Amino acid sequence: MNWFVRFLTSSIGKKLIMSLTGLFLCLFLVVHLAGNLQLLLDDGGEAFNIYAYMMTHNPLIKAVSYGTYFFIILHAIQGIILAIQNRKARSSRYAVTVTRTTGTNSFAARQMALLGSLILVFLGIHMGDFWWKMKSGQTSMVKYDSFELEVQNLYEKVEASFAVEWIVIFYVIAMIGLSFHLLHGFQSAFQTLGLNHKKYTPFIKALGKGFAIIIPALFALIPLYYMFVK
Amino acid sequence: MKLNLKVWRQKGAATGGKFETYTVEANEHMSFLEMLDVLNEQLIAEQKEPVSFEHDCREGICGTCSMVINGHPHGPMKGTTTCQLHMRHFNDGETITIEPFRSNSFPVIKDLVVDRSSFDRIIQSGGYISVNTGQAQDGNAIPIEKDLASEAFDAATCIGCGACVAACPNASAMLFTSAKISHLNMMPQGEVEASQRVLNMVNQMDVEGFGACSNVTACEAECPKEISVKNIARVNREYFAASLASEKTSSK
């Protein structure tokens, strides 16, 4: 077998792919959140709609977005393959299962595949609701004085979706799932990369906890704000 | 003290197993294995098949004793092997569930005895250094910094019992393999074959069918020698370097 294929398909190589794609998706979360927080502005969606136009028309951002789709698919498929292979490594199950861990949340660490699947289902619904409706032109157009072109009114779709109870509930549940996924995943990605260091690891673990709580909480804040405050 | 034992009984690798329940009268000063000795005396007196379990030194250093006690490999005490676990840590009248280490790479031979020769094959693939025999070497001829020597020694305290595999939800052998690679690769004597060692041993570990590490750290928590997952990070690093930067490839 070619040495590079062998490297990427080894147990450590597979984890490297999970780690690098995972960290890239963490970066994506930050950018996505920064854009979404404009939904909290009281401007009738002007800033958000213009931003959405830019995100779908800037060639550089478009290129990055294709990379993002690819990494999401790669992370999900590789994760599912790993979960199946890891489960196959023990065909007779224990009668008593306790998971004692030293450096991570044991629930999150054990249930990464389940939490990941929840996030994948969420992504399907989320993209079907916004991304697809925008791509297929199921949105009305709106013109703002501050921008020379007519833009799609995605804000209207957001308002409509976040008025539906089950969507808001599902978004909040998915964000709790994401929080646990990140609680293990963030620091685990660095360990996989070989970064376990007396000086840096405590910082990475603290940053990971903060990231896992703050980012999903801010994402969840948006549908809750639309449902209860606005 | 009176104990109810739920013990896994299995005739061989090919046959399925099931739990049998026994009652045993033990005292709190006995080790867990001595308590099982009492059970077996009792079973022999009743003309029943005694429970097979592995043991050798009974001093916590050989890595032979195994079994999962109430969900914990080597029992609930931290940093303790089954042979060093004493009955005073259990309560009178308690029901204790005893199972073998479960992993497809550790097939059950009988009852609580599993075949751990997959570990031997990982060692054979690179867990050694090549030296010419002859006069005994001067122990102080190669200077090694104290902290490094201590870290390598910590990795070398791995007794190869397989509790890491038993504890891991993925049945991964990364803690064992990484400890064995680390303790040699950190030393000047082991550095000579470092790249080839990490490539061969990781490859053999994968061939044996162990799961992949997902940094659950259950291995570190259950390891009777408290081997650190730092070794796993080190081996990941060395595996990347050996795969991408060195000109070597796994020899098998």
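These numbers were taken from a predicted model, which means no experiment stands behind them. (Residues numbered from 1 in each chain as written. Chains lettered and ligands numbered in written order. Predicted model: local features only at pLDDT ≥ 70, side-chain atom pairs only at ≥ 80, totals over all residues. Heavy atoms only, no water.)

Once that is clear, we can look at the pattern of salt bridges. A pair can form between side chains of opposite charge whenever their charged atoms are brought close. Residue and element names in this part refer to chain B. According to the stated counting rule, one finds 12 salt bridges over all chains in the structure shown. In this structure, D37 engages R58 in a salt bridge whose closest nitrogen and oxygen atoms are separated by 2.8 Å. Taken together, the positions of D37 in helix α1 (residues 32-45) and R58 in the loop between α1 and β3 (68-69) put the pair 21 residues apart, joining distant regions of the chain. Of the charged contacts in the structure, one is a salt bridge between E54 and R116, with a shortest N-O distance of 2.9 Å. Remark: R116 occurs in the loop between β7 (113-114) and α2 (117-124) and E54 occurs in the loop between α1 and β3; sequence separation between them is 62 residues. (Salt bridge = Lys/Arg side-chain N within 4 Å of Asp/Glu carboxyl O. Helix = DSSP H or I, 4+ residues; strand = E, 2+ residues; numbered from the N terminus.)

Listed by partner, the interface residues are 37 residues for chain A and 54 residues for chain B. Both sides together, the interface formed by chain A and chain B hides about 3700 Å², and carbon and sulfur atoms give 52% of it. Of all residues in chain A, the largest losses of buried area upon contact with chain B belong to A:I12, A:Y94 and A:R100, amounting jointly to 20% of the total for that side. If you look at where chain A meets chain B, you find 1 salt bridge. Note that A:R100 is salt-bridged to B:E222, the shortest N-O span being 3.0 Å. For the pair chain A and chain B, the interface holds 29 residue pairs in polar contact (both at pLDDT 80 or more). In the side of chain A that touches chain B, the residues fall into 13 nonpolar, 16 polar and 8 charged. (Contact = heavy atoms within 4.5 Å. Buried area = accessible area lost by both parts, 1.4 Å probe. Polar contact = N/O pair within 3.5 Å; in protein donor to acceptor, adjacent residues only side chain to side chain. Nonpolar A, V, L, I, M, F, W, Y, C, P; charged D, E, K, R; others polar.)

Turning to the domain arrangement of chain B, a few remarks are in order. All names here are of chain B. Under the domain assignment, chain B is made up of domain 1 (2-109) and domain 2 (117-132 + 139-244). Of note, the centres of domain 1 and domain 2, computed from C-alpha atoms alone, are 28 Å apart. At the junction of the two partners, domain 1 supplies 18 residues and domain 2 supplies 20 residues. Summing the contributions of domain 1 and of domain 2, the shared interface buries around 1400 Å²; its carbon and sulfur component is 56%. In terms of surface lost to domain 2, no three residues of domain 1 exceed P73, S105 and F106, which account for 35% of the buried area on that side. At the junction of domain 1 with domain 2, the criterion picks out 0 salt bridges. Where domain 1 packs against domain 2, one counts 4 residue pairs in polar contact (both at pLDDT 80 or more). For the side of domain 1 that touches domain 2, the per-class residue count stands at 7 nonpolar, 10 polar and 1 charged. (Domains from an automatic or database assignment.)

Below, the discussion takes up the packing of helix α7 (residues 194-207) of chain B against helix α9 (residues 230-245) of chain B. Residue and element names in this part refer to chain B. Contact geometry for α7 and α9: axes closest at 9 Å, N-to-C directions at 105°. As summarised for this structure, α7 and α9 are arranged roughly perpendicular, according to the angle between their axes. For the pair α7 and α9, contact is made by S195, V198, L199 and V202 and by V235, E238, Y239, A242 and S243, respectively. (Axes fitted to C-alpha atoms, helices over the stretch in contact; angles between N-to-C directions. Parallel < 35°, antiparallel > 145°, perpendicular 65-115°, else oblique.)

Further remarks concern the nonpolar core. B:F119, B:V165, B:L175, B:V202 and B:F210 are the most contacted members of the largest nonpolar core, which totals 42 residues. Shared between two domains, this core takes at least three residues from each, and those domains are domain 1 (2-109) and domain 2 (117-132 + 139-244) of chain B. Discounting chain neighbours no more than four positions away, the residues touching B:F210 are A:A89, B:S103, B:S105, B:F106, B:S118, B:F119, B:I122, B:V165, B:A171, B:S172, B:A173 and B:M205. By size, the runner-up hydrophobic cluster in this structure holds 35 residues, among which are A:L23, A:A52, A:Y155 and A:Y171. (Core = buried A, V, L, I, M, F, W, Y, C linked by side-chain atoms within 4.5 Å. Buried < 20%, exposed > 50% of the residue type's maximum accessible area, 1.4 Å probe, protein only.)

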